[in-house]
Amino acid sequence: MSVPSNLKYSDEHVWVKQEGDSFRIGITEHAQDELGDIVFVELPEVADQLSATDTFGSVESVKTVSELYAPISLVVTEVNEELEDQPELVNESPYENGWLIVAKATDEKELEQLLTAEQYEKLLDQA
């Protein structure tokens, strides 16, 4: 199971990658593996403002529907529109082509609450 060391993680299996003053966000390989084949992704609108732990969409698989929770407080600046026609990208490439949103943090101190790759791996080991 891949857990890239350059990312931060929430305990809700969401990853965060800092790109300058923006943050690219998606679900982890573990999350997509648990969900199974993803058939639909519901994402927020550009300019939506969310607080940490707010629901920002959902992922529907052949097994279940799972809510997506914001890892930090943010304002959405971009959504991955490719997922509308190709939701399977989340399964095929969760850390690259299957990203969900790009956002600006509204409280960067919250980033300190996210898990490192090592801490996330320990979380997975305990599950």
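Model, not experiment: these values are computed from the prediction.

## Some remarks on the pattern of salt bridges
One pass over the full model with this rule turns up two salt bridges. As a salt-bridge pair, glutamate 19 and arginine 24 come within 2.9 Å of each other at their nearest N and O atoms. Between lysine 104 and aspartate 21 there is a salt bridge; the shortest N-O distance is 2.8 Å. Of the two residues, lysine 104 is situated in strand β9 (residues 101–105) and aspartate 21 in the loop between β2 (14–19) and β3 (22–27); the sequence distance between them amounts to 83 residues. Judged by its relative accessible area of 31%, lysine 104 falls in the partly exposed class.

## Here we look at the layout of surface pockets
Any empty space left between the atoms is revealed when a probe the size of a water molecule rolls over them. Volume-wise, the largest pocket comes out at about 220 Å³. Every residue lining the largest pocket is listed: Phe40, Val41, Glu42, Leu43, Pro44, Glu45, Val46, Val79, Asn80, Glu81, Leu83 and Glu84. Listing elements by their share of the lining of the largest pocket, those giving two or more residues are β4 (38–42) and α2 (82–85). The element contributing the most residues to the lining of the largest pocket is β4, with three residues. Grouping the amino acids of the lining of the largest pocket by side-chain chemistry returns seven nonpolar, one polar and four charged.

Calculation notes
- Residues numbered from 1 in each chain as written.
- Predicted model: local features only at pLDDT ≥ 70, side-chain atom pairs only at ≥ 80, totals over all residues.
- Heavy atoms only, no water.
- Salt bridge = Lys/Arg side-chain N within 4 Å of Asp/Glu carboxyl O.
- Helix = DSSP H or I, 4+ residues; strand = E, 2+ residues; numbered from the N terminus.
- Buried < 20%, exposed > 50% of the residue type's maximum accessible area, 1.4 Å probe, protein only.
- 1 Å grid on protein atoms, 1.4 Å probe; cavity = no way out; pocket = protein on both sides within 12 Å on 5 of 7 lines; lining within 4 Å.
- Points joined across faces, edges and corners; volume = space filled by probe spheres on them.
- Nonpolar A, V, L, I, M, F, W, Y, C, P; charged D, E, K, R; others polar.

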